[in-house]
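Geometric and topological summary
This is what each chain is made of:
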Amino acid sequence: MELMDTIRQRKSVRKYLDKPVEREKIVECIEAARLAPSADNIQPWRFIIIDSQELKMNFCRYVCSGIFKPTRFIERAPAIIIILAKLNIIVHRIAKVATRTDLYLLDIGIAGEHLVLQAQELGLGTCWINWFNVKKAQSFLQIPNKYRVISLIAMGYAGGRATKFKPDLPLEEILFFNDDYKKKL
Ligand SMILES: Cc1cc2nc3c(=O)[nH]c(=O)nc-3n(C[C@H](O)[C@H](O)[C@H](O)COP(=O)(O)O)c2cc1C
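Note that the coordinates shown come from a computational prediction; the quantities given were computed from them, not determined experimentally.

A word on the overall build of the chain. The helix and strand inventory of the chain stands at eight helices and four strands. Moving toward the C terminus, one meets the helices and strands of the chain in the order α-α-β-α-β-α-α-β-α-β-α-α. Relative to the 2.2 N^0.38 estimate, which gives 16 Å for 185 residues, the radius of gyration of the chain is 18 Å and therefore close to what a compact globule would have.

Okay, here's the thing in structure tokens:
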């Protein structure tokens, strides 16, 4: 498939078929993430896959409670990918002071989207998840302090057509050549 077709077809999937995701396909998605660019090629990402039904249910119930209950739908995704970032990397600390940018978050975003697009290419649906209790996820999984849980990605075969809550902004609203932005932003 052409890259642009894959990009156009990807939508966040929140309903899944009751069909397991083949581990080889998950590994292919992680391989796509592995090859992503990162600042100073630090590759701060680590991936934990939960595809055991019992572990997934316990995890989802624990991290999607209270204000995070709307995210409980992920318990019906056959696989949950937990993306961790390695913390306290010196280059990241210097960049944060010098540029005010958290490079590890950029890196995680890029790698995660590589993963998501590869999943799309393999016929799998995904949904990025950040509305969950990160502190509880960290403790449930007993993640060492030098790593932080950043995002989840729910993965499975789509159980219907995914629809967007909000439309994508048109190009005119987000793209500016030269000093056009001065009148438009
Ligand atoms: C960093 C990030 C976090 C997100 N967190 C959630 C979430 O917690 N729950 C959810 O249902 N969707 C979540 N989404 C999915 C967005 O709602 C979705 O990408 C957006 O509405 C655009 O729709 P599309 O992905 O179908 O293009 C998240 C997306 C991103 C990129």
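Turning our attention to the pairing of strand β4 (residues 147-156). Regular strands have side chains that alternate between both faces of the sheet. Burial within β4 is extensive, with seven of its 10 residues counted as buried. When strand β2 (residues 79-86) meets β4, the two strands line up antiparallel, connected through eight bridges. Counted as the bridge partner of Ala85 is Arg148 from β4. Judged from the five bridges that link them, strand β3 (residues 125-129) and β4 form a sheet pairing that is antiparallel. Its bridge partner being in β4, Ile129 is matched across the sheet by Leu152.

Now for unusual backbone geometry. Its identity as a non-glycine residue notwithstanding, Asp40 has a phi of 55°, on the positive side. Along the polypeptide, Asp40 turns up in the loop between α2 (23-34) and β1 (45-50). In this structure, Gln142 is a non-glycine residue whose phi angle is positive, near 55°. Note that Gln142 resides in the loop between α6 (134-140) and β4.

Below, the discussion takes up the nonpolar core. Judged by nonpolar contacts, the single largest core of 39 residues is most densely connected at Ile80, Ile82, Leu152, Ile153, Ala154 and Met155. Of all the secondary-structure elements, those providing two or more residues to this core are α2, β1, α3 (53-63), β2, α5 (103-121), β3 and β4. When residues no more than four places from it in sequence are discounted, the contact partners of Ile153 are Ile81, Ile83, Gly112, Leu115, Val116, Thr126, Trp128 and Ile129.

This part is about the site of the ligand. In the vicinity of the ligand there are 14 residues, among which Lys11, Ser12, Trp128, Asn130 and Trp131 approach most closely. Top element by residues in the shell around the ligand is β3. It accounts for three residues. Class assignment of the residues belonging to the shell around the ligand gives a composition of six nonpolar, four polar and four charged.

Before going further, it helps to spend a moment on α5. Spanning 19 residues, α5 covers 27 Å between terminal C-alpha atoms, matching the ideal 27 Å at 1.5 Å per step. Within α5, burial applies to Leu103, Tyr104, Asp107, Ile108, Ala111, Gly112, Leu115, Val116, Gln118, Ala119 and Gln120.

Our focus in this paragraph is the sheet that holds β3. Overall, antiparallel pairing links the four strands, which are arranged β1-β2-β4-β3 in an open sheet. Both outer strands of the open sheet, β1 and β3, are each paired with one neighbouring strand and no more. Across this sheet, the average inter-strand angle for adjacent strands is 25°, counted without regard to direction. On the sheet, α5 packs against β1, β2, β3 and β4 and is oriented at approximately 15° with respect to β4.

Our focus in this paragraph is the packing of α2 against α5. Direction vectors running N to C along α2 and α5 enclose 140°, while the axes themselves pass 7 Å from each other. It follows from the interaxial angle that α2 and α5 lie oblique. Relative to α5, the crossing made by α2 is right-handed. Where α2 approaches α5, its residues Glu28, Cys29, Ile30, Ala32 and Ala33 are matched on the opposing element by Ala111, Gly112, His114, Leu115, Gln118 and Ala119. Residues that form the contact of α2 with α5 fall into these classes: seven nonpolar, three polar and one charged.

Below, the discussion takes up α2. Spanning 12 residues, α2 covers 16 Å between terminal C-alpha atoms, matching the ideal 16 Å at 1.5 Å per step. Among all positions in α2, only Ile26, Cys29 and Ala33 are buried. The arc enclosing the buried residues of α2, seen along the axis, measures out at 60°, which places them on a common side. Exposed side chains of α2 directed beyond 90 degrees from the buried face belong to Glu24, Val27 and Glu31. As for α2, its buried residues are in contact with β1, β2 and α5.

What counts and what doesn't
- Residues numbered from 1 in each chain as written.
- Predicted model: local features only at pLDDT ≥ 70, side-chain atom pairs only at ≥ 80, totals over all residues.
- Helix = DSSP H or I, 4+ residues; strand = E, 2+ residues; numbered from the N terminus.
- Rg over C-alpha atoms; globule rule 2.2 N^0.38 Å.
- Buried ≥ 20, exposed ≤ 12 C-beta atoms within 10 Å, placed from the backbone.
- Pairing = 2+ DSSP bridges.
- Core = buried A, V, L, I, M, F, W, Y, C linked by C-beta atoms within 7 Å.
- Contact = placed C-beta atoms within 7 Å.
- Near = placed C-beta within 6 Å.
- Nonpolar A, V, L, I, M, F, W, Y, C, P; charged D, E, K, R; others polar.
- Expected span 1.5 Å × (residues − 1).
- Axes fitted to C-alpha atoms, helices over the stretch in contact; angles between N-to-C directions.
- Parallel < 35°, antiparallel > 145°, perpendicular 65-115°, else oblique.
- Left-handed = near helix turned anticlockwise from the far one by under 90°.
- Arc of directions from axis to C-beta.

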